[in-house]
Amino acid sequence: MTQGPAQNLSPEAAGGLAYDAVVVGAGFAGLYMLHRLRQLGLTARVFEAGEDIGGTWYWNSYPGARCDVESLDYSYSFSDALQQEWTWSERFATQPEILRYIHFVADRLNLRPQVSLRTRVTAAAYDEVARRWRVETDRGEAVMARFCIMATGCLTAAAVVPEIPGLGDFKGRWLHTGNWPKQPVDLAGRRVGVIGTGSSGIQVIPAIAPEVAQLCVFQRTPSFSVPARNAPLDPARMAELKAGYAQRRAANLQSAAGYVYDPNFQSALEVDDAQRQAEYEARWRKGGAGFLVAYKDLLLNQAANDTAAGFVRAKIRAIVQDPVTAEALVPRGFPMGARRLCLDSDYYASFNRANVKLVDLLKSPIDRIVPEGIRTADATYALDVIVFATGFDAMTGPLLRIDIRGRGGLPLRRKWARGPLTYLGLQVAGFPNLFIVAGPGSPSVLSNMVVSIEQHVDWIAQCLHYLQRNALASIEAAADSEAAWVRHVNEVAGRTLYPLASSWYTGANVAGKPRVFTPYLGGVHKYRERCEQVAAQGYKGFVLQR
Ligand code: N01
């Protein structure tokens, strides 16, 4: 491995600068990857499309944006100095606080000089002769690198604005939660329409309801949501938690989700109804995603799932005063948790406000956007602002927006035409020295993302070190191990209730996208063991070349 710019390759011959590694994206993944590359003595450059670092937490700056994994767990664990120095102020951190944290880490590690902001990578092609990736940006720059590491995120800038006719005629302003403006948006006293009631909609609605004149919520599929019960973390509690950080991090690594929320290993069906109700009530009061691990089979057995879903439906009917609105908010037709369980702060209670109206699109679909607002099959809603909380071309979208070409010029878009194919979610056969951090086929979005990101970055860094020590030029997933891994990812998903719902996990939210269950459900702990075993066996299932 080279200690300076890659050897055997003059910048002129390469048509631009040369690095050992290019990293695409400067969120949690890209920044930590840069840190590890520098520790290995490798030259690296990070390209980031945003005006600033932060990735998902840069783009999703809408009012109410907050993480649904507890702050203590949703943070880097690789440096005790960092985790002891930083102090979280709330149980679930807000988007601005997470962004401040990312800036704090970048400053402490002096990462910024190697990050090129406002630079979108448009293409990456493998040059089989030079054995280098040629990476092109929207600024007309082209650089060469031995390794190309995609830290592009799962829910980043690939925000989906649905093709509703008439948007261009709208006289007001429209925004997407996933691409929120960085200048303050004044919604006070305005008539606002929110389209979409997934995690983003469920956060933005209660956050803006008190200030807007009128809020119309355009709901197609109601979500299951449980209270977050966010609360301040006082300094004494924070000090106590920091003292136990080592044990907390170790427990997270041994868990299925990358964080521990009081799992119960009983079946929901082996206890009586009174016991179940008491268990659900305790978890509802405690708040957080621990609701879904109230019993071990909530996502494995429909009858077990029905007991939890029934509890939440009853809560919705009890909170929402207007019975017609309550009934419209009750989710039906898919298992609870098979679409992402939302955590909220007073979401259902927002519908008791006089200025909030639910528009049930299942009864009266959107017909078109008109200059003055949104017209449904039976009414026109006058609006000053439309907020699209309509989600993302998740997981594959951020990768496939880039024209990635492997051996023989094969476009990744063609290779993945029927769904993503990876080995361990880390590499793709035919694309040597290309790595994906927390992408399709890895636990990713069904885990604590920061834990999964650290695990991938560490694995990639160790792999590069192995190549260096053994004078190897490249690593590439073998086609048969990739096929076996994809089968395994599907088999594991097939044992759960997840595939029974249409969701962004399966690509169902984007027209024409292949329907494939994309994240790996085998659990963070087991997945990590598997990755470590593969490495210990000389990168079994990968092809290594001198
Ligand atoms: O997006 P979504 P999201 N007309 O795809 C609706 C993470 N996240 O941004 O289901 C009308 O879940 C769509 O309706 P339907 C988290 O992992 C985390 O909310 O297609 N409606 C749905 O209601 C999450 O799962 C946090 O019927 C339309 C909504 O838009 C992921 O990001 C916070 C429509 C999209 O929901 C994505 O969440 C926020 C149309 N034409 C996000 N098209 C936390 O950490 C779409 N919809 C807390």
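Here the residue index of a chain counts from 1 through its sequence in written order. Two thresholds apply to this predicted model, a pLDDT of at least 70 for residue-level local features and 80 or more for giving and counting side-chain atom pairs, whereas whole-chain, interface and lining totals are computed over all residues. Side-chain metrics rest on all non-hydrogen atoms present in the structure, leaving aside hydrogens and water.

Observations regarding the sheet that holds strand 15 (residues 380–382)
One requirement defines pairing of two strands: DSSP has to find at least two bridges between them. A helix here means a DSSP run of H or I that spans at least four residues, while a strand means a run of E at least two residues long, and both kinds are numbered starting from the N terminus. Taken in spatial order, the three strands of this open sheet run 13-14-15, and their pairing is antiparallel. Strand pairing shows two members of the sheet lacking a second neighbour, strand 13 (366–370) and strand 15, which therefore form its edges. Averaged over all pairs of adjacent strands, the angle between their axes in this sheet comes to 20 degrees, without regard to strand direction. Note that strand 14 (residues 373–376) and strand 15 share three bridges and pair antiparallel. Among the inter-strand pairings, I374 is bridged to a residue of strand 15, identified as Y381. Think of each axis as a best-fit line through the C-alpha atoms, taken over the contacting stretch in the case of a helix, with angles from 0 to 180 degrees between the N-to-C directions.

Quick notes on the packing of aromatic side chains
Any two rings among Phe, Tyr and Trp, with Trp reduced to its six-membered ring, count as a pair given centres within 6.5 Å; such a pair is stacked if its planes are under 30 degrees apart, edge-to-face if over 60, and tilted if neither. Applying the stated criterion across every chain, the model contains 40 aromatic pairs. Relative to F78, the ring of Y32 has its centre 4.4 Å away and its plane inclined at 15 degrees; by these criteria the two rings are stacked. With Y32 in helix 2 (residues 28–39) and F78 in the loop between helix 3 (56–59) and helix 4 (80–85), the pair connects residues that are 46 residues apart, well separated along the chain. When its relative accessible area of 3% is taken as the criterion, Y32 is described as buried. Partly exposed describes any residue whose relative accessible area lies between the buried limit of under 20% and the exposed limit of over 50%, with all areas from a 1.4 Å probe on protein chains only and scaled to the type maximum.

A look at the site of the ligand
Near the ligand you find 23 residues, and of these S200, R220, T221, R339 and W504 are the closest. Within the backbone of S199, an N or O atom sits 3.0 Å from an oxygen atom of the ligand. Throughout this description, a polar contact denotes any pair of N or O atoms lying within 3.5 Å of each other; where both atoms belong to protein, one of them has to be capable of donating a hydrogen while the other can accept it, and for residues adjacent in sequence the pair is counted only when both atoms sit in side chains. In this structure, an oxygen atom belonging to the ligand sits 2.9 Å away from a side-chain N or O atom of W504. Here, Shrake-Rupley sampling with a 1.4 Å probe gives the accessible areas, and only protein chains in the shown set may cover a residue. Compared with its free state, where it exposes 910 Å², the ligand has 87% of that area covered by protein. Ranked by the residues each element gives to the shell around the ligand, the list is headed by helix 6 (residues 199–208), at three residues. A molecule or strand has a residue near it when one of that residue's heavy atoms lies within 4 Å.

Some details on the domain arrangement of the chain
Each domain's limits were defined by an automated method or a database of domain assignments. Domain parsing of the chain yields domain 1 (18–158 + 394–545) and domain 2 (167–241 + 253–388). Look at where the C-alpha atoms of domain 1 and domain 2 centre, and you get two points 28 Å apart. In this analysis, two residues are considered to be in contact whenever any of their non-hydrogen atoms come within 4.5 Å of each other. At the interface, 40 residues of domain 1 touch 45 residues of domain 2. The buried area of a pairing is the accessible area, by a 1.4 Å probe, that goes missing from both parts when the two are put together, added over both. Three residues stand out in domain 1 for area buried against domain 2, namely Y62, R91 and L497, and they jointly supply 20% of the buried area on that side. Counted as salt bridges are all cases of a side-chain nitrogen of Lys or Arg within 4 Å of a carboxyl oxygen of Asp or Glu. Counting the contacts that link domain 1 with domain 2 gives one salt bridge. D68 is the partner of R340 in a salt bridge, and the nearest nitrogen-oxygen pair spans 2.9 Å. Applying the counting criterion to the domain 1 and domain 2 interface returns 23 residue pairs in polar contact (both at pLDDT 80 or more). For the side of domain 1 that touches domain 2, the element with the highest residue contribution is helix 17 (residues 524–536), accounting for three residues. For this classification, the nonpolar set comprises Ala, Val, Leu, Ile, Met, Phe, Trp, Tyr, Cys and Pro, the charged set comprises Asp, Glu, Lys and Arg, and every other residue, Gly included, is treated as polar. Looking at the side of domain 1 that touches domain 2 residue by residue, the classes come out as 19 nonpolar, 13 polar and eight charged.

Side note on the pattern of salt bridges
Inspection of every chain in the model, using the stated rule, returns 28 salt bridges. Between D384 and R191 there is a salt bridge; the shortest N-O distance is 2.8 Å. In this pair, D384 is assigned in the loop between strand 15 and strand 16 (385–388) and R191 in strand 8 (residues 191–195), connecting sequence segments 193 residues apart. Its relative accessible area of 19% is what places D384 among the buried residues. Look at R191 and you get partly exposed, because its relative accessible area is 31%. Residues E327 and R317 are paired through a salt bridge, measuring 2.9 Å at the closest nitrogen-oxygen approach. Taken as a pair, E327 in helix 11 (residues 323–329) and R317 in helix 10 (residues 302–319) lie far apart in primary sequence, 10 residues in all.

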